Each structure stands twice: as C-alpha cells, then as structure tokens.
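Understanding the architecture of this molecule
Single-letter residue listing:
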Amino acid sequence: VQLQASGGGLVQPGGSLRLSCVASGGIFNIAVMGWYRQAPGKQRELVAQITTVGSGSAIYADSVKDRFTISADSAKNTVYLQMNNLSPEDTAVYFCIAIQEHVMRWGQGTLVTVSS
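Quick summary incoming for the structure in this document. For clarity, every value in this text was computed on a predicted model and none was experimentally measured.

Bringing the overall build of the protein chain into the picture now. The number of helices and strands found in the protein chain is zero helices and ten strands. For the protein chain, the α and β elements follow one another from N to C terminus as β-β-β-β-β-β-β-β-β-β. What you see for the protein chain is a C-alpha radius of gyration of 13 Å, in line with the 13 Å of a compact globule of 116 residues. For the C-alpha atoms alone, the extent of the protein chain along its principal axes is close to 40 × 25 × 25 Å. Taking all 116 residues of the protein chain together, the buried fraction comes to 39%. Across the protein chain, contacts joining residues at least 24 apart in sequence account for 51% of those joining residues at least 6 apart. Entry remark: accessible area of the protein chain is about 6,100 Å², with carbon and sulfur atoms responsible for 50%. Looking at charge distribution, the protein chain has the averaged site of its 8 positive side-chain charges lying 4 Å from that of its 7 negative ones.

A few words now on unusual backbone geometry. One non-glycine residue with positive phi stands out, namely aspartate 66, at about 75°. Inspection of the secondary structure assignment puts aspartate 66 in the loop between β6 (58–60) and β7 (68–73). With a phi close to 50°, asparagine 77 is a non-glycine residue in the positive phi region. Positionally, asparagine 77 belongs in the loop between β7 and β8 (78–83). Judged by relative accessible area, which is 28%, asparagine 77 ranks as partly exposed.

The strand order β1-β3-β8-β7 describes an open sheet built from four strands, whose pairing is antiparallel. Of all the strands in the sheet, just β1 (2–6) and β7 have a single pairing partner and so form its edges. Geometrically, the sheet is characterised by an average inter-axis angle of 15° between neighbouring strands, direction not taken into account. In this structure, strand β3 (residues 17–24) lies alongside β8, joined through six bridges in antiparallel fashion. Note that in β8 the partner of arginine 18 across the bridge is glutamine 82.

Rules used in this analysis
Residues numbered from 1 in each chain as written. Predicted model: local features only at pLDDT ≥ 70, side-chain atom pairs only at ≥ 80, totals over all residues. Heavy atoms only, no water. Helix = DSSP H or I, 4+ residues; strand = E, 2+ residues; numbered from the N terminus. Rg over C-alpha atoms; globule rule 2.2 N^0.38 Å. Buried < 20%, exposed > 50% of the residue type's maximum accessible area, 1.4 Å probe, protein only. Contact = heavy atoms within 4.5 Å. Areas by Shrake-Rupley, 256 points an atom, 1.4 Å probe, with all protein chains shown as cover. Lys, Arg positive; Asp, Glu negative; His and termini not counted. Charge placed at Lys NZ, Arg CZ, Asp CG, Glu CD. Pairing = 2+ DSSP bridges. Axes fitted to C-alpha atoms, helices over the stretch in contact; angles between N-to-C directions.

Here it is in structure tokens:
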C-alpha cells in the first residue's frame, strides 16, 4: 500500500489545518489508519488513529484531545486529521500510517509549522 499525505504548511498559533492521507495500491485488509508526528529532537509519537472497519473508533494523544479530530472516508480510502487551535508545540512532521494485516505501513511526512 502507498500512503500519500498532504495538507501541511505554515499556520499561525490558534489557526487550523486539515491533513489528508490517501491509500492506494494494495489496500486490502487495512484495519487502522492514523497519524504520527515527530518534532525536532523528539521521538515519533502517535497523534490519532481510527479503525477503518466496524465502529470507526478513534484514539488520540492527550496533547491533542479536544483540538484534533480524525475521520475516515472508506469509499475514498482517505483519512483526515482536522487540527484546530494549533500551538507552536504542534510543529512537527506528520506521518500517515496504515495497519495492514498487523503490519504498520508508513507514508511520507508532511511538515506542519505553527509560528507567528
């Protein structure tokens, strides 16, 4: 499976961005899609993920709860991350992931910079 992320950019504190990730190629048996991020000098961390079958349940990092919303459009094989009230601490490269047959697949990152 190939994962193509888009939507990153420069935004002022308090602003919003929406990231998108489209899965293509061998898209069979994908159970989960989501987003990780890696800030400069820090470890990569889970931001949010959502099950793409069944209930569509989502989990979030504590640092983004109530500000970020993950959603999925199964017909378009796409997962979105709506990010509101962004702060400089959200500055990072955001990576799309898909869990396919218990294996985590990674897409390329998209840079989000929050700065005035």
